[in-house]
Amino acid sequence: MKKSTVQEIKERFDNDVERFSNLDTGQLSAIDATISLELITESAKRINSYAENLLDIGCGAGNYTLMMLSKLPDLNCTLIDLSRPMLDKAYERVSKETTGIVKIIHGDIREIRLQNSHYDIILAGAVLHHLRDDSDWEFVFSKLFESLAPGGCLMISDLIKQDSEILNDYIWEKYGDYLETIGGKDYKQKVFDYVDKEDSPRSLNYQLDLMKKVGFQKIEILHKNICFAAYGAIK
């Protein structure tokens, strides 16, 4: 199946701002979304309790940054998203919760220039699965590594695959069972069709190996449930 273009992804999120402003409804199909959000933000706080600069890529309506600010108040926040309506909503919400500088950047992370050795914390919540080929993944991981200050961390919550096709099929059967409990067979098929069209997830092993390849020294797995995981690395 031909995957969604960047423009198609942008338009979908442009039209879904309010739903993604609520973690409960915005990530209904994501298993353990609230647990993963807590784990990656609390881990980031403990890794870098004196953080000043936060980068949130694919920030959506700002849920991850808001949780981070509840733990480390008054961070300077840089928010990146393809969707301008999402960014506007995130800016509105985040600006109320910090006295730090809030900067929004409208665009594709692959095309945006970032400051080197600047950010203490980078959050990537349910966004990296939109990357396509291996060159995309390596380029973005390298860019994020270079933009982190020494001792900074990249914390990720995302959709993942298994390396083994046999086990991947099994895991996605289990995910389908979960989706049916939420909305029945039609909802399961809707989500599966959406993933086939829009997403290109990589395995957890692939991403952890890539983190090591681009230079990260400490790699951490925080949580995995079926085809969703929370994980990260320290520069």
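Summarised in this report is the structure supplied together with it. Note that the structure is a prediction, hence the values are computed from the model and not measured. (Residues numbered from 1 in each chain as written. Predicted model: local features only at pLDDT ≥ 70, side-chain atom pairs only at ≥ 80, totals over all residues. Heavy atoms only, no water.)

## Notes on the pattern of salt bridges
1) Next: The tally for this structure, following the rule as stated, stands at 11 salt bridges.
2) Next: For K185, the salt bridge goes to E180, with nearest N and O atoms at 3.5 Å.
3) Next: In this structure E180 comes out as partly exposed when scored by relative accessible area, which is 26%.
4) Next: Each of E38, E42, R46 and K71 takes part in salt bridges that share partners, so that together they form one network. (Salt bridge = Lys/Arg side-chain N within 4 Å of Asp/Glu carboxyl O. Buried < 20%, exposed > 50% of the residue type's maximum accessible area, 1.4 Å probe, protein only.)

## Some points on the packing of aromatic side chains
1) Next: Applying the stated criterion across every chain yields a total of 8 aromatic pairs.
2) Next: Measuring from ring centre to ring centre gives 6.0 Å for W137 and Y206, while their planes differ by 90 degrees; the resulting arrangement is edge-to-face. Linking W137 in helix α7 (residues 134-147) with Y206 in helix α9 (residues 204-214), this pair joins segments that are 69 residues apart in sequence.
3) Next: The class of W137 is buried, set by a relative accessible area of 0%.
4) Next: In this structure Y206 comes out as partly exposed when scored by relative accessible area, which is 24%.
5) Next: With centroids separated by 6.2 Å and ring planes inclined at 15 degrees, the aromatic side chains of Y175 and Y178 adopt a geometry described as stacked. Of this pair, Y175 and Y178 both sit in helix α8 (residues 165-198), separated by 3 residues, roughly a single helical turn.
6) Next: Overall, Y178 belongs to the partly exposed group, its relative accessible area being 27%.
7) Next: In this arrangement the basic side chain of R202 is found over the ring face of Y206, its NZ or CZ atom lying 5.7 Å from the centre.
8) Next: Directly above the ring of F145 sits K235, whose terminal nitrogen or CZ lies 4.7 Å from the centroid. (Phe/Tyr/Trp six-rings, centres within 6.5 Å; stacked < 30°, edge-to-face > 60°. Helix = DSSP H or I, 4+ residues; strand = E, 2+ residues; numbered from the N terminus. Lys NZ or Arg CZ within 6 Å of the ring centre and 35° of its normal.)

## Quick notes on the pairing of strand β1 (residues 53-57)
1) Next: By the criterion of burial, β1 is predominantly enclosed, with 5 of the 5 residues buried.
2) Next: Residues N53, L55 and I57 point to one face of β1 and L54 and D56 to the other, with burial holding for every one of them.
3) Next: Alignment of β1 against strand β2 (residues 76-81), held across 5 bridges, turns out to be parallel. When the sheet's bridge partners are listed, N53 is paired in β2 with N76.
4) Next: For the segment spanning β1, helix α5 (residues 63-71) and β2, crossover handedness is right-handed. (Pairing = 2+ DSSP bridges. Right-handed = clockwise from strand over helix to strand, strands pointing away.)

## Concerning the sheet that holds β2
Picture the strands of a sheet paired through backbone hydrogen bonds; they go either parallel or antiparallel.
1) Next: With respect to topology, 7 strands assemble into an open sheet ordered β3-β2-β1-β4-β5-β7-β6, the strand pairing being mixed. Of all strands in the sheet, those bounded by a partner on one side alone are β3 (102-106) and β6 (218-225). Strand-to-strand twist in this sheet, taken as the mean axis angle between neighbours without regard to direction, amounts to 15 degrees.
2) Next: Examined bridge by bridge, strand β4 (residues 119-125) and strand β5 (residues 148-159) share 6 bridges and lie parallel to one another. What sits directly across from I122, in β5, is L154.
3) Next: Its contacts with the sheet place α5 against β1, β2, β4 and β5, and it is angled at close to 135 degrees to β4. (Axes fitted to C-alpha atoms, helices over the stretch in contact; angles between N-to-C directions. Contact = heavy atoms within 4.5 Å.)

Such coordinate-based values are descriptive only and should not be taken to indicate function.
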